[in-house]
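These are the residues of each chain, in order.
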Amino acid sequence: MGRGRLRIYLGAAPGVGKTYAMLAEGRRRKGRGTDVVVGFVETHGRPRTEEQLEGLEVVPRKVMEYRDTAFTELDVDAMIARHPQVALVDELAHTNVPGSRNAKRWQDIDEILDAGIDVISTVNIQHLDSVNDVVEAITGVPQRETVPDEVVRRADQVELIDMTPEALRRRMAHGNVYAPEKIDAALGNYFRVGNLTALRELALLWLADKVDDQLDRYRADHGIRGTWEARERVVVALTGGPEGDTLIRRAARIADRSKGADLLAVHVANSDGLTGADPANLVRQRALVESLGGTYHQVVGDDVPTALLDFARGVNATQLVLGASRRGRVAQIFSRGVGVTTTALSGTIDVHLVTHEEVSKGRRARPPGGGLSRRRRVAGFALAAMVLPLLTLVLREAQPDLSLPSDILLFLLAVIGVGMVGGLRPALFAAVAGSLLLNYFFTPPIHEFTIAERDNLLALVVFVAVAVAVSAVVDVNYRRSREAAHARTEAEVLSTLAGGVLRGQSAVHDILDRLRETFALTAVTLLEREPGTAETPGLLSDPERWRIVATAGGPPCATPQAGETEIPISEELVLVMRGRTLRAEDRRVLEAFAAHAAVALRQQRLSAEAEQVRPLAEADRMRTALLNAVSHDLRTPLASAKAAVDSLRSPDVDWSEEDRDELLDTAAESLGRLDRLVANLLDMSRLQAGVLGVSSQRVAVEDVVPRALGDVGKAEARIQIPERLPEVVADPALLERVLANLVGNAVRHNPPDGEPVAVTASAHAEHVEVRVIDRGPGIPPADWDRVFLPFQRLGDRDNGSGVGLGLALSRGLTEAMGGTLTPEETPGGGLTMIVTLPAAGTTTDGEPLADPMILDRVAAWRDGTDPEPGLEARP
């Protein structure tokens, strides 16, 4: 039995008709004779959806108990036991009630699919993980129920249920989505036209990406190499030359003409690693491509046109942008060039040949990789000057026994030796000198520079040709070996630089320091021209025109002319090096370092700007959260108090004493709630502004706890405080507020029929711990930090839970008194809040502690003069 097939109806927003479409599909399949059952469908009271549910078999839901409330969930076991052909399961992203077998409904559906049952489900775009934060930024409403994108992408079919924003709003206005009392609020908030348009675009783009993935898999499975112009993809080829910026911007404009087109940049690197582009240009151009919303790619290939077209066809590109050739006219006669060859082989891909400023300049000759050193060339000439006369003398003595061919071979051997030592030029000198010596001393007529026989002439010509060829091969091989060694060194340096960037070591100073170490320099300085300074002849030598951005090593260079080497990065930035003059072939690596330094500087400044903006964004987020949180919680006690007072003032009703007292109690309780809410908001604002006044003194915990319980009201708690508990150093009023908030939070979550909330205290060295223990559902350790965020309720939505400031305010007040507030799991279930405060010098009955120096230790610990390591100073 194979795995079942999953079909998902995707919607941009609630109310577009996903559930209706799912039920309609179920009814259609049932009409064809398919065994269809409903596992879970939420109609939300919509009449037309309930009509579609009629006539379909429904598997009974599973009843779950949570916090004394009954909930119904999908019964996976019953569905698998029933084993229909098709199961209809609504709300793929739904979170199951705690205690269920799976945390999410999509995990339940996975089990049903594994049992060989086809499933049809629904999900909205806002529940997908990848766009969840985008949806929250658009609508201002966080979505806590999410489903991984991969779950939806794995579906065999995903169908978009589309509806225009205007049509959806009309459907809502007619009462087909929400109850009448919720319509106005929904239309004015989440269901605004702009929100619905953005959500619709998100849904369309996400589904387009999935369709694109399916198309790529289909083409790969069927070996289709031709391009299918289902979506515009513009590929720009980069050589690493300065014209790349022009090509990228032109390709971006071409891509912008087609809505949703992709921009891809590709560089073809030579497989031998010896010839390639300027890495500094590629780094800069990669940043430009990514800033324009494109992606950068690099492929290896010896045949550039073939490699380009293979890449373009692999990504299903529709257009290819190339730069016009920089090769001269003579070179174009012998080779058509990359652009012409690519155009001839492109097939259905459109090729754009873009002119640029570098065309008229021609291709710059690549600097030679460096032949043999001067020392070796001098040694070659010296060897030729010494060996050839000596060989001539030796052969003159052996003249009767050796023929001319033997003499030529021995001279050839000497020339090859000279070529291996000194390269081409000494070998040419040795070949010419050797041919003259052979002609004068060994070729008839002797002692004359003439040749009587044609065979001797041919032998001498071959001798010179072989000598030149061998010496040229030696020289080229040496050049190649030096180029390979230099390329390997460049690769190692650039690899180290890139590795540092990947590991996050991309600070400007780190890059400059690495450059200094790599080239053994004394100082490396990044200079920036002061804003507003114009290009003048004295600019390079005027220190007032330049500002030192970063430096590494010895004294920095104040101007570009202060160093031996300078690398211009942009019109404003220049990298200056001091210590020694660097070779021309090192410039490529220097430019790569300079480009990385510029990128790191830009990222550093962007981070600094983000840090400056972060407090404003945090304040805005806090303000938005505050308005959202208090919009209901301020109105509720005000409305209750106003209703009670208005009732008491009404002349039409004669209230009894009991009714009057009850109304007064209601008004007093509501105003008390309002007073606590306003006090919490004010204290939180003072905490964040750093102006909360703290009056620390010796406080007995057993005196504060009863007052805190009294502030909570009718809370029942079990108090366990030792008789000889040390006093603590704290502000009595603030400590009472902290304990009242903690006890109130514990009572709210503690089971009503379970053990009461417990408040215990104990002494530990220089600290006293007060524990507030409940037996409620507890909080997962992963959420312990979240509970202390302002306006955080972790899913609570009851009217009496306040604005979610209690725990955040409690931690802030505790830390202001020099203590800590930490959560801990209660053994057997529940949550324990631990308030840790510094102990004072005596117990509550006036007797000294075992350590008489504790009071001094506490004072020293608070003002930061404690000599014991490991203790942090408290403000």
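Note that the structure is predicted; figures quoted are calculated from it, not measured.

**Q** Hey, could you run me through the overall build of the chain in this one?
**A** When helices and strands are counted, the chain shows 26 helices and 24 strands. Burial status across the chain gives 41% buried among its 875 residues. When contacts within the chain are restricted to residue pairs at least 6 apart in sequence, long-range pairs at least 24 apart make up 69% of them. With the model as given, the accessible surface of the chain reaches about 45800 Å², and the carbon-plus-sulfur share is 54%.

**Q** Any chance you could explain the sheet that holds strand β12 (residues 319-323) here in plain terms?
**A** Here 5 strands make up an open sheet; going across it, the order is β11-β10-β9-β12-β13 and the pairing parallel. In this open sheet, the two strands that pair with only one neighbour each are β11 (295-300) and β13 (350-354). For this sheet, the mean angle separating the axes of adjacent strands, direction not counted, is 25°. Note that β12 and β13 share 5 bridges and pair parallel.

**Q** So what exactly am I meant to see when it comes to the packing of aromatic side chains here?
**A** For any pair of aromatic rings, geometry is given as the distance between the ring centres together with the angle between the planes. The final tally for this structure, using the stated rule, is 4 aromatic pairs. Positioned above the aromatic ring of Phe40, the side-chain terminus of Arg61 is 3.8 Å from the ring centre. Cation over ring: Arg105 sits above Phe40, and NZ or CZ is 3.8 Å from the ring centre.

**Q** Explanation requested: helix α1 (residues 18-31) in the structure shown.
**A** Residues spaced three or four apart along an α-helix point in a common direction, a consequence of the helix completing one turn every 3.6 residues. The end-to-end C-alpha distance of α1 is 20 Å, a good match for the 20 Å that 14 residues give at a rise of 1.5 Å each. Where α1 is buried, its residues meet β1 (6-11), β2 (36-40), α2 (47-53), β6 (86-89), β7 (118-124) and β8 (157-161). Positive backbone phi, at 100°, marks Gly33, one or two positions downstream of α1.

**Q** Please explain the pattern of salt bridges as it appears in this structure.
**A** A side chain of one charge can pair with a side chain of the opposite charge if their charged atoms are brought near each other. Tallying each qualifying case throughout the model produces 27 salt bridges. The salt bridge partner of Glu73 is Arg105, with a shortest N-O separation of 3.2 Å. Linking Glu73 in strand β5 (residues 69-73) with Arg105 in helix α4 (residues 105-114), this pair joins segments that are 32 residues apart in sequence. For the pair Glu73 and Arg105, a shared accessibility class is recorded, and that class is buried. Between Asp110 and Arg154 there is a salt bridge, with its nearest N and O atoms 3.8 Å apart. Linking Asp110 in helix α4 with Arg154 in the loop between α6 (149-153) and β8, this pair joins segments that are 44 residues apart in sequence. Under the relative-accessibility criterion, Arg154 is labelled partly exposed at 44%. It is possible to trace a salt-bridge network through shared partners that takes in Arg7, Glu25, Arg28, Arg29 and Glu159.

**Q** Can you walk me through the packing of helix α12 (residues 304-314) against helix α14 (residues 338-345) in this structure?
**A** Angle between the axes and distance between the axes: these two values describe a pair of packed helices. Contact geometry for α12 and α14: axes closest at 9 Å, N-to-C directions at 45°. Our classification of the angle between α12 and α14 gives oblique. Helix-helix and strand crossings are classified by hand; for α12 and α14 the assignment is right-handed. Two secondary-structure elements touch here, α12 through Val304, Pro305, Leu308, Leu309 and Arg313 and α14 through Val338, Thr341, Thr342 and Leu345.

**Q** Help me understand the side chain of His267 in this model?
**A** Structurally, the position occupied by His267 is in strand β10 (residues 262-269). Residue classification places His267 among the buried residues on the basis of a relative accessible area of 6%. A polar contact of 2.9 Å, which involves the side chain of His267, links it to the backbone oxygen of Leu238.

**Q** What's the story with the pairing of β12 in this structure? I'm lost.
**A** Of all the 5 residues making up β12, 4 are buried; the element is thus mostly covered by neighbouring parts of the structure. In this sheet, β12 lies alongside strand β9 (residues 233-238) in parallel orientation, the contact comprising 3 bridges. Residue pairing in the sheet places Val234 in a bridge with Gln319 of β12.

**Q** Is there a simple way to think about the confidence of the model for the chain in this case?
**A** Across the chain, pLDDT averages 77, with 76% of residues at or above 70. Per-element confidence in the chain ranges from a low mean pLDDT of 42 for helix α26 (residues 854-863) to a high of 94 for β6. Here residues 363-370 is a poorly scored stretch, pLDDT under 50, and it has 10 contacts once near neighbours within four places are set aside; other chains count. Every residue in residues 793-803 scores below 50 in pLDDT, and together they form 27 contacts with partners more than four places removed in sequence or on other chains.

Rules and cut-offs
Within each chain, residues carry numbers counting from 1 in the order of the written sequence. The model is predicted, so local features are restricted to residues of pLDDT at least 70 and side-chain atom pairs to those at 80 or more, both for listing and for counting; the totals for chains, interfaces and linings are taken over all residues. Side-chain figures throughout are based on the complete set of non-hydrogen atoms in the structure, without hydrogens or water. Counting from the N terminus, the helices are the DSSP runs of H or I reaching at least four residues and the strands are the DSSP runs of E reaching at least two. The buried label goes to any residue with under 20% of its type's maximum accessible area, the exposed label to any with over 50%, and the partly exposed label to all in between, with areas taken from a 1.4 Å probe on protein chains only. The contact definition used throughout considers only heavy atoms, calling two residues in contact when any of these lie within 4.5 Å. Areas reported here follow the Shrake-Rupley algorithm with a probe of radius 1.4 Å; residue values treat only the protein chains shown as occluding. Following DSSP output, two strands are said to pair if at least two bridges run between them. Helix axes are fitted to C-alpha atoms over the stretch in contact, other axes to C-alpha atoms as well, and angles between N-to-C directions run from 0 to 180 degrees. Here is the rule: rings of Phe, Tyr and Trp (six-membered ring for Trp) pair when centre to centre is within 6.5 Å. Planes less than 30 degrees apart are stacked, more than 60 are edge-to-face, and the remainder are tilted. In this scheme, the term charge over a ring applies when either NZ of a lysine or CZ of an arginine sits within 6 Å of the ring centre and within 35 degrees of the ring normal. The span you would expect from a helix comes to 1.5 Å times its residue count less one. Any Lys or Arg side-chain nitrogen located within 4 Å of an Asp or Glu carboxyl oxygen qualifies as a salt bridge. For this classification, under 35 degrees means roughly parallel, over 145 means roughly antiparallel, 65 to 115 means roughly perpendicular, and everything else is oblique. Should the near helix be turned counterclockwise from the far one by less than a right angle, the crossing is left-handed, whereas a clockwise turn marks it as right-handed. Think of a polar contact as two N or O atoms within 3.5 Å of one another; within protein, one of them needs to be a possible hydrogen donor and the other a possible acceptor, and neighboring residues in sequence only count if both atoms come from side chains. The predictor's confidence in any single residue is recorded as pLDDT, a number from 0 to 100.

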